[in-house]
Amino acid sequence: MPKPTRPPAKPRDLLEAHLRAIAADETWPPDEPLPTTRELARDFGPSAATVFRLLQQLEAERVLWQHSSGRFHRAAARVLLDRPKPVACLIRRLELCSALYRELLEGISVGAGAARRAMLLWHDDVLVNHADPDRPPSFAGPAAQRVVLDDFLERHAAGAGGVVLDHVWADAVLKRAAAAPGRKLAPGVLLFRSAPAGSGLSSVRADFDAAATQALAHLLGRGFTRLVPVEPFRGDPAVEEFLSALERAATALGCAERLAPRAPAHLPEQREALVAGLPTRERTALIVPEDHVAARLHGLLRAAGREAPARTGLLVVMGTDVARNAGLTRLAFDFRAMGRMAVELLAESESREIVFAPTLHVGATT
């Protein structure tokens, strides 16, 4: 008696088996799309409408995935292909003296990971060069900044899903880039300071007015009668913004006579002269808006026998891990949280400003 024969498989069933085999095939390149509906209809026989309904069924079962381009892929390809564009970071090259920016980048990295976004780091020696921690950094002027920014926009603007900018970019350069047709820095976020009006940028910035008021209240409350603002270097907008806020706060609080003129501490010899020239009978405190310079001044104070806080106080504003590890009294900003917030702002349709308040940590120096 002859054995019964199975009816031949229908073209649709053959195609379904083929597609399920592709979906399970780990050797199939994740970025390679499946053949088009027309190609599958031609090779397996069903109508194009039948092929499309089958593809939709397998997508509903999460066997396949349809990209925004309209092409179908293995479902596993979604992790790689269905991601927002990368976050571009236009910042200084990370040197020995970039603790602040290391912490900001750690936060940006966490934020990008949470949003499943890659990071494009555009480091440039021209923007800030600070290879020697004992010497002041050099900052690029507006003309050099324009060249760096134009180079980035030409190469990467189309592929970036938002730009996070170092706080040292000049206002005029940012406004020019925002106004250029087809080359706007949008969405964009400026780190650590306010964004210039008309730039269209969001910002995550430090509340330097609050920091200045806290610094004065803390030091005067600890019995220091002379307060010396220390200028660690010139050319940094954040340093200038804090020192100006300190002078405004002293006037508003009626203690401007307690605030000495700014003392430069750009070079080792200037720091040595500052410590040597401190009064011996008056309780003096140094207010330093940069952690590395503050740590060096602390070492010079100890070497000169001016132990803090009995004879001389020291308060640092910025408060990265450098200040914490040195045991300095610090007004700290959460730079890692600033970095995470910058990535979140890139996803918003309207620009806005987020202000971070300082936190006082009393160390061994006040």
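The rules behind these values
Residues numbered from 1 in each chain as written. Predicted model: local features only at pLDDT ≥ 70, side-chain atom pairs only at ≥ 80, totals over all residues. Heavy atoms only, no water. Helix = DSSP H or I, 4+ residues; strand = E, 2+ residues; numbered from the N terminus. Rg over C-alpha atoms; globule rule 2.2 N^0.38 Å. Contact = heavy atoms within 4.5 Å. Lys, Arg positive; Asp, Glu negative; His and termini not counted. Charge placed at Lys NZ, Arg CZ, Asp CG, Glu CD. Buried < 20%, exposed > 50% of the residue type's maximum accessible area, 1.4 Å probe, protein only. Pairing = 2+ DSSP bridges. Polar contact = N/O pair within 3.5 Å; in protein donor to acceptor, adjacent residues only side chain to side chain. Salt bridge = Lys/Arg side-chain N within 4 Å of Asp/Glu carboxyl O. Core = buried A, V, L, I, M, F, W, Y, C linked by side-chain atoms within 4.5 Å. Right-handed = clockwise from strand over helix to strand, strands pointing away. Axes fitted to C-alpha atoms, helices over the stretch in contact; angles between N-to-C directions. Parallel < 35°, antiparallel > 145°, perpendicular 65-115°, else oblique. Left-handed = near helix turned anticlockwise from the far one by under 90°.

(A) Layout of the overall build of the protein. Check the secondary structure of the protein and you find 13 helices and 16 strands. Compactness check: the protein gives a C-alpha radius of gyration of 29 Å against a globular reference of 21 Å for 366 residues, more than 25% above the reference. For the C-alpha atoms alone, the extent of the protein along its principal axes is close to 120 × 50 × 35 Å. Across the protein, the fraction of contacts at a sequence separation of at least 24, relative to all contacts at a separation of at least 6, is 71%. Both charge centroids of the protein, one from 46 positive and one from 43 negative side chains, sit 3 Å from each other.

(B) Molecular detail of the pairing of strand β14 (residues 329-332). On β14, burial covers both faces: T329 and L331 on one face and R330 and A332 on the other are all buried. Across 4 bridges, strand β13 (residues 312-318) lies against β14 in parallel orientation. Bridge pairing links M318 to A332 in β14. Here β14 runs beside strand β16 (residues 359-361); their pairing, made up of 3 bridges, is antiparallel. Bridging from a neighbouring strand, R330 pairs with H361 of β16.

(C) Up close: unusual backbone geometry. The step from A308 to P309 runs through a cis peptide bond, and the omega angle for that step is 0°. Secondary-structure assignment places P309 in the loop between α11 (291-303) and β13. Here R62, not a glycine, exhibits a phi torsion of approximately 65°, which is positive. By the element assignment, R62 lies in the loop between α3 (48-60) and β1 (64-66). Even without being glycine, M318 reaches a positive phi, approximately 135°. The residue M318 is located in strand β13 in this model.

(D) Representation of the side chain of Q145 in the model. Its location among the elements puts Q145 in helix α6 (residues 142-156). Looking at Q145, its side chain comes within polar contact range of the main-chain nitrogen of A170, at 2.7 Å. When near neighbours in sequence (up to four residues on either side) are disregarded, Q145 contacts L127, A140, V168, W169, A170 and V173.

(E) Expanded view of the pattern of salt bridges. For the coordinates displayed, the defined rule picks out 19 salt bridges. Residue R248 pairs with D209 through a salt bridge whose shortest N-O separation is 2.7 Å. Placement of the pair is R248 in helix α9 (residues 237-252) and D209 in helix α8 (residues 208-221), with a sequence separation of 39 residues. R324 is the partner of D321 in a salt bridge, and the nearest nitrogen-oxygen pair spans 3.6 Å. Residue D321 and its partner R324 are located together in helix α12 (residues 321-325), separated by 3 residues, close to a single helical turn. When its relative accessible area of 27% is taken as the criterion, D321 is described as partly exposed. Since its relative accessible area comes to 43%, R324 is described here as partly exposed.

(F) Geometry of the sheet that holds strand β10 (residues 226-231). Taken together, the 6 strands give an open sheet; going across it, the order is β11-β10-β12-β13-β14-β16, and neighbouring strands pair in mixed fashion. Either end of the sheet is taken by a strand with one partner, and the two such strands are β11 (263-264) and β16.

(G) A look at the nonpolar core. L191, F192, V204, F208, F242 and M338 are the most contacted members of the largest nonpolar core, which totals 49 residues. A total of 8 residues in this core trace back to one element, the largest contributor, which is α9. With residues up to four places along the chain from it excluded, the contact list for F242 reads F208, A211, A212, I287, P289 and V317. With 21 residues, the next largest nonpolar core counts L149, L165, W169 and L185 among its residues.

(H) Focus on the pairing of β13. Here β13 lies mainly inside the structure; 7 of its 7 residues are buried. Neither face of β13 is left uncovered, since the one carrying T312, L314, V316 and M318 and the one carrying G313, L315 and V317 both have all their residues buried. As paired elements, strand β12 (residues 284-288) and β13 share 5 bridges and run parallel to each other. In the sheet register, A285 faces β13, and the bridge partner there is G313. With α11 bridging β12 and its parallel neighbour β13, the resulting β-α-β unit is right-handed.

(I) Structural view of the environment of S138. Following the sequence through the fold, S138 ends up in strand β6 (residues 138-139). As a C-alpha pair, S138 and P268 span 130 residues in sequence and 16 Å in three-dimensional space. With residues up to four places along the chain from it excluded, the contact list for S138 reads L127, V128 and N129.

(J) A look at the packing of α8 against α9. Remark: α8 packs on α9, axes separated minimally by 8 Å, with the N-to-C direction vectors making an angle of 55°. Viewed along their axes, α8 and α9 adopt a mutual orientation that is oblique. Crossing handedness for the pair α8 and α9: right-handed. Counted together, F208, D209, A211, A212, T213 and L216 of α8 and A238, E241, F242, A245, L246, R248, A249 and A250 of α9 form the full contact between these two elements.

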